[in-house]
Amino acid sequence: MVLDYVTFNRKCRQCDENKKNNIEKDHDCRLNFHGSAKGMEAEGALKLVTESKILKESNVEIGVFIADNDSSRINAVQNASNYVIIKQSDMNHTAKGVSNALYNISSKTNKDPDRELQHDTIKTLKKYFSYAVKKNVGNLQEMKDAITNIPYHAYNLHDKCGSWCKANENKENYVGLQLKSQVLFDELVILFDKLAANATKFLMAASSQANESLNNSMASSAPKRICYSTSEASDYRFACTVLHKNYGEAYISSIFHALGMESTERLANRIQRTNQCASKRKLREKEVSFKRRRIELAQARSQLKYRKEKSEGLAYSSHMSLFDNDDYSITQTSVAEDTSNPEAKDVNSSAIFHSNDTAIVFFDLETGGFDMFKDEVLQISLKCGDKSYVCYLTPTRAINPRASEVHNLTRINKNLYKNGEQVVTRAKAVVVSEVLQFLKAIGKKCILVAHNCEFDSKRFILLIKSCDFLCDFKKVVVGFTDALPLFTKTIVDVENYKLTTLAACKLNISCSEAHDAQFDVEVLEKLAKAFLQLNDLLATNATFDDICAAIDKKQRSKINIHTFLPLDGAISKTMMQRLSEQNFTYYDLIDAFINGEDQAKQLLQGNVNGSPTVIKTTKNLNAIIEHLKFVTKE
């Protein structure tokens, strides 16, 4: 359990407002720290160890301080204490520090001339270190000897190895690291001798994992990307996190009781279900089979990653393309097909769709999921005549497993894999800039065409909007066209109008590579050449502003829908959704009703030329009005 905690805030929004407007307004000020952000950790440790009210009331003093090695906390604590406090390093952080030191050696040719210190070797040496510590907890001399002996064991010298070493049992069949370089051996001896000399710091093989778990929970309750610390919001969130850590979901009902509020049966059932799930998860995670499976999966991912990186060479590095001269990538690809279908026109012709001032650009996206605002674009492809652009984007979020089943794109760390093979990716800002240059190079205003364009167009605009390129694209792109409804008019003898179905039935194209953006764009272009006319694509486009307005409407709905939950039961979910898409919230509706029932009705109906456009039926309108009467009466 968490015995005590402290929070620091360097800024107060209301204090700044008071100073700005030269007023004094009473408020719950949480400003309690005036140092730098890096000084917070040491100051917090000092307060918790030397000034904790809980510890003082219980007449308890901290004797052992377990932490990582990243700050000066222990120095601050020891300087303020009148007794000796023992510092123990967290074992996980210590092992990572050893790993980093080994990587540092491997990066220098004069220390590892034969490049023997590869990833797998470093991982094994790190494992040796962990074994040496955990097998000798509390025994300083044996731990020092075990750590000192690690380089010798790695070089197949087992005279000083303990009973744990398998080489002494079966020397003929034992296969270890078998390192050879004398230069590397000397470096490893120096490193592990230093670690042995500092063995007192990790003599207990202590762990601060419980604190790291709490930190993760707090980061979830108060994400760093959102600033809650300028008011009391962050402190409330941290307090709730601590309560949840100590008492589970039941802390909510305890708060209700303390406030004199009655908790509902629904809440009680939720608390019971949540606690049951948490208990089962904890038991499952303690099982040896679960831990072994987790290690096996991590190893498989790691092996795949480094195997591919080694075979591909330098595929991704910070700023590696900063000084590239190419404006955009032009690729020419082909799709294997049989064009013997008599219905189809010449789909292989190099002619492009264009008018005097407008060009048709076929495009497609592959995304990390189906949520427009949450999931990222992973691949983009555009094609106009014999010019095309295709690129993968560096993923920064998890990929929905259902989406991976469709396009076979997976993510490990920030690396993207297609069918298990790592692909070269680029930052989204770079890709958006290249797409803009590609469209400008066409020399005409562009209409972007996609199959099921409603999906792709919104995500395309959100992508360029996130990189602040919206105004630049508006000058080049005049609109979007959805090819799907056009195919439904010109092709009538198919079961469905999926791109793969149309390609297979009408053009005899093998679709084994479907759901790859580049492949789909080529197929779409061939189908358009076979069954569509230029005027079809020009006449049915939605403007850039139309798509932007649709996105704004969707965003507004996502935010406003929660405010209309009090109407649940009075009207259907569909009507609540329709209300959420308007430019008002539930609270605006209440304010309008207070000013007059007619004003509320006008807001609800959204009259255009005397006809209602939102709430069109008297039944729904009266139900909402009755609800508002009841609420405002209370």
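Here's what I pulled together on the structure shown here. (Residues numbered from 1 in each chain as written. Predicted model: local features only at pLDDT ≥ 70, side-chain atom pairs only at ≥ 80, totals over all residues. Heavy atoms only, no water.)

1. Quick notes on the overall build of the protein chain
Part 1 of the reasoning: The secondary structure content of the protein chain amounts to 27 helices and 12 strands.
Part 2 of the reasoning: In the protein chain, buried positions account for 39% of the 634 residues.
Part 3 of the reasoning: Restricting to contacts in the protein chain with at least 6 residues of sequence separation, those with at least 24 account for 66%.
Part 4 of the reasoning: Per element, the accessible surface of the protein chain, about 37000 Å² overall, is 50% carbon and sulfur. (Helix = DSSP H or I, 4+ residues; strand = E, 2+ residues; numbered from the N terminus. Buried < 20%, exposed > 50% of the residue type's maximum accessible area, 1.4 Å probe, protein only. Contact = heavy atoms within 4.5 Å. Areas by Shrake-Rupley, 256 points an atom, 1.4 Å probe, with all protein chains shown as cover.)

2. A look at a positive patch on the surface
Part 1 of the reasoning: A cluster of basic residues, Lys 245, Arg 281, Lys 282, Arg 284, Lys 286, Lys 291 and Arg 294, forms a positive patch on the protein surface.
Part 2 of the reasoning: Broken down by secondary-structure element, the contributors of at least two residues to the positive patch are α13 (265-286) and α14 (288-312).
Part 3 of the reasoning: Sorting elements by how many residues they give to the positive patch places α13 first, with 4 residues.
Part 4 of the reasoning: Take Arg 294: it is sitting in helix α14. (Patch = residues over 30% accessible without salt bridge, like charges linked within 9 Å, V, L, I, M, F, W, Y side chains within 5 Å. Salt bridge = Lys/Arg side-chain N within 4 Å of Asp/Glu carboxyl O. Lys, Arg positive; Asp, Glu negative; His and termini not counted. Charge placed at Lys NZ, Arg CZ, Asp CG, Glu CD.)

3. Quick word on the sheet that holds strand β8 (residues 421-423)
Part 1 of the reasoning: Pairing is antiparallel across the open sheet formed by 3 strands, whose spatial order is β6-β7-β8. The strands lining the two open edges of the sheet, one partner per strand, are β6 (409-412) and β8. Each strand of the sheet is rotated relative to its neighbour by a mean of 45 degrees, with strand direction disregarded.
Part 2 of the reasoning: In this structure, β6 lies alongside strand β7 (residues 415-418), joined through 4 bridges in antiparallel fashion. Residue pairing for β7: Thr 410 is matched across the bridge by Tyr 417. (Pairing = 2+ DSSP bridges. Axes fitted to C-alpha atoms, helices over the stretch in contact; angles between N-to-C directions.)

4. Some remarks on the environment of Met 576
Part 1 of the reasoning: With respect to the secondary-structure elements, Met 576 resides in helix α24 (residues 573-580).
Part 2 of the reasoning: A residue is classified by how much of its surface remains accessible, and Met 576, at 1% relative accessible area, is buried.
Part 3 of the reasoning: Sequence separation between Met 576 and Asn 560 is 16 residues, and the spatial gap between their C-alpha atoms is 9.5 Å.
Part 4 of the reasoning: If we ignore the near neighbours within four places in the chain, the residues touching Met 576 are Ile 561, Phe 564, Leu 565, Leu 567, Asp 568 and Ile 571.

5. A few points about the packing of aromatic side chains
Part 1 of the reasoning: Under the defined criterion, the tally for this structure stands at 12 aromatic pairs.
Part 2 of the reasoning: Ring plane angle 70 degrees and centroid distance 5.4 Å describe the contact between Phe 129 and Phe 202, whose orientation is recorded as edge-to-face. Here Phe 202 lies in the loop between α9 (182-197) and α10 (209-221) and Phe 129 lies in helix α6 (residues 119-134), a separation of 73 residues in the sequence. Comparing Phe 129 with Phe 202, the two get one shared label, buried.
Part 3 of the reasoning: With 6.2 Å between their ring centres and 70 degrees between their planes, Phe 460 and Phe 480 make a pair best called edge-to-face. Residue Phe 460 is located in helix α17 (residues 453-466), and its partner Phe 480 is located in strand β11 (residues 477-482); the two are separated by 20 residues in the primary sequence. (Phe/Tyr/Trp six-rings, centres within 6.5 Å; stacked < 30°, edge-to-face > 60°.)

6. Comments concerning the nonpolar core
One recurring pattern in soluble globular proteins is that nonpolar side chains are buried together.
Part 1 of the reasoning: Counting residues in each nonpolar core, the largest one holds 38 residues, and the members touching the most others are Leu 382, Leu 439, Phe 460, Phe 473 and Phe 480.
Part 2 of the reasoning: Those residues in contact with Leu 382 that sit more than four places away from it in its chain are Val 361, Phe 362, Phe 363, Lys 387, Ser 388, Tyr 389, Val 435, Phe 438, Leu 439, Leu 448 and Val 521. (Core = buried A, V, L, I, M, F, W, Y, C linked by side-chain atoms within 4.5 Å.)

7. Topic: the packing of helix α20 (residues 499-507) against helix α21 (residues 517-531)
Part 1 of the reasoning: At a closest axis distance of 10 Å, the pairing of α20 and α21 adopts a crossing angle of 50 degrees. Between α20 and α21, the interaxial angle falls into the category oblique. For α20 against α21, the interelement crossing comes out left-handed. On the side of α20, the interface is formed by Leu 499, Leu 502, Ala 503, Lys 506 and Leu 507, while α21 contributes Asp 520, Val 523, Leu 524, Lys 526, Leu 527, Ala 530 and Phe 531. (Parallel < 35°, antiparallel > 145°, perpendicular 65-115°, else oblique. Left-handed = near helix turned anticlockwise from the far one by under 90°.)

8. As for the sheet that holds strand β4 (residues 377-384)
Part 1 of the reasoning: The mixed open sheet is built from 7 strands, whose spatial order is β9-β5-β4-β3-β10-β11-β12. Two strands close off the open sheet at either side, each with one partner strand: β9 (425-426) and β12 (542-543).
Part 2 of the reasoning: As defined by bridge partners, β11 adjoins β12 across 2 bridges and the pair is classed as antiparallel. Pairing of Gly 479 across the sheet is with Thr 543, part of β12.
Part 3 of the reasoning: The strands touched by helix α16 (residues 428-442) within the sheet are β3 (358-367), β4, β5 (387-393), β9, β10 (445-450) and β11, with β5 carrying the most contacts at an inclination of about 175 degrees.
Part 4 of the reasoning: Against the sheet, helix α19 (residues 483-490) touches β10 and β11, its axis set at about 45 degrees to β11.

9. Regarding the side chain of Thr 563
Part 1 of the reasoning: Inspection of the secondary structure puts Thr 563 in the loop between α23 (544-560) and α24.
Part 2 of the reasoning: Side-chain polar atoms of Thr 563 contact the backbone nitrogen of Tyr 586, separated by 3.4 Å.
Part 3 of the reasoning: With sequence-adjacent residues up to four places away left out, Thr 563 is seen in contact with Thr 585, Tyr 586 and Tyr 587. (Polar contact = N/O pair within 3.5 Å; in protein donor to acceptor, adjacent residues only side chain to side chain.)

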